[in-house]
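Examination of the molecular architecture
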Amino acid sequence: NAGVTQTPKFRVLKTGQSMTLLCAQDMNHEYMYWYRQDPGMGLRLIHYSVGEGTTAKGEVPDGYNVSRLKKQNFLLGLESAAPSQTSVYFCASSLSSGYTFGSGTRLTVV
Amino acid sequence: GDSVTQMEGPVTLSEEAFLTINCTYTATGYPSLFWYVQYPGEGLQLLLKATKADDKGSNKGFEATYRKETTSFHLEKGSVQVSDSAVYFCALIGDSGYALNFGKGTSLLVTP
């Protein structure tokens, strides 16, 4: 089925470790986004991309990096994980105002 | 900047009760407004949307009307079901064009 696929679905990291979350979409959407969801905070935008080779900072970009080398993929990196980055991460893609969300990655940093 | 404020939960209702979840926004120009729903353990799904003043979005018995004069987009349903238990998010896309700006979410629990 067409949509947004996130990998992995769950991950536990130790403080200071690094990892990359992968988001892939097969709808040929130009725009892609990474959000984090925390209890009582809603979803907050980390980084976004308006096309292949472009990235921009969102509301809470510190501690994260992103890359969009191919139009269908949007990678979110944590160089040195901190407990404050424990969260559920959602990727989304959009064409105009029509968003499609992935099913999320639950990350715990201990 | 743009922002969305929605009523805090949790909201607990009996089956067949009337539901209102309040949402107000701050934005320049004419934002597009959305309600998303998140069922337990799942991602977000678009419930309904409205793109201009006085538009009414509707889906699955839920409705919301874009009120420019009160900068509101309240979600309503006449008779809730247990299966409506979820977290509901109000959101907007402002004049910047594409990034969704979310409220903090309202948890709804419907009891039999």
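Everything quoted here is computed from the prediction, not taken from an experiment.

A few words on the interface of chain B and chain A. For interface size, the figure often reported is the accessible area lost on association. Tallying the contact residues gives 15 residues for chain B and 17 residues for chain A. Here chain B and chain A share an interface that buries about 1,300 Å² over both sides, 63% of which is from carbon and sulfur atoms. Where chain B meets chain A, there are zero salt bridges. At the junction of chain B with chain A, the criterion picks out three residue pairs in polar contact (both at pLDDT 80 or more). If you list the elements that add at least two residues to the side of chain B that touches chain A, you get β5 (32-38), β6 (44-50), β10 (86-93) and β11 (100-102) of chain B. Looking at the side of chain B that touches chain A element by element, the count peaks at three residues for β5 of chain B. Class assignment of the residues belonging to the side of chain B that touches chain A gives a composition of nine nonpolar, three polar and three charged.

The next point concerns the sheet that holds strand β7 (residues 56-59) of chain B. Residue and element names in this part refer to chain B. Reading across from one edge, β3-β9-β8-β7 is the order of the four strands in this open sheet, with antiparallel pairing throughout. A single partner strand is all that each edge strand has here, and the edge strands are β3 (19-21) and β7. Neighbour-to-neighbour, the strand axes of the sheet open up by a mean angle of 15°, direction not taken into account.

Turning next to the state of the cysteines. Residue and element names in this part refer to chain A. Under the defined criterion, the tally for this structure stands at two disulfides over all chains. The disulfide that involves Cys-23 links it to Cys-91, with 1.8 Å between the sulfurs. Classification of the bridge connecting Cys-23 and Cys-91 rests on its S-S torsion, roughly -75°, and on that basis the disulfide is left-handed. In this pair, Cys-23 is assigned in strand β3 (residues 19-25) and Cys-91 in strand β9 (residues 87-95), connecting sequence segments 68 residues apart. This pair shows no difference in class: Cys-23 is buried, exactly as Cys-91 is.

For the rest of this paragraph, the subject is the side chain of Gln-6 of chain B. Residue and element names in this part refer to chain B. Within the element layout of this structure, Gln-6 appears in strand β1 (residues 3-6). A relative accessible area of 9% means that Gln-6 is categorised as buried. Within polar-contact distance, the side chain of Gln-6 engages the backbone nitrogen of Cys-90 at 3.0 Å. Within the structure, the side chain of Gln-6 is placed 2.9 Å from the side chain of Thr-106, a separation counted as a polar contact. With sequence-adjacent residues up to four places away left out, Gln-6 is seen in contact with Ile-21, Asn-22, Cys-23, Trp-35, Tyr-88, Phe-89, Cys-90, Gly-103, Lys-104, Gly-105 and Thr-106.

Conventions used here
- Residues numbered from 1 in each chain as written.
- Chains lettered and ligands numbered in written order.
- Predicted model: local features only at pLDDT ≥ 70, side-chain atom pairs only at ≥ 80, totals over all residues.
- Heavy atoms only, no water.
- Contact = heavy atoms within 4.5 Å.
- Buried area = accessible area lost by both parts, 1.4 Å probe.
- Salt bridge = Lys/Arg side-chain N within 4 Å of Asp/Glu carboxyl O.
- Polar contact = N/O pair within 3.5 Å; in protein donor to acceptor, adjacent residues only side chain to side chain.
- Helix = DSSP H or I, 4+ residues; strand = E, 2+ residues; numbered from the N terminus.
- Nonpolar A, V, L, I, M, F, W, Y, C, P; charged D, E, K, R; others polar.
- Pairing = 2+ DSSP bridges.
- Axes fitted to C-alpha atoms, helices over the stretch in contact; angles between N-to-C directions.
- Disulfide = S-S within 2.5 Å.
- Buried < 20%, exposed > 50% of the residue type's maximum accessible area, 1.4 Å probe, protein only.

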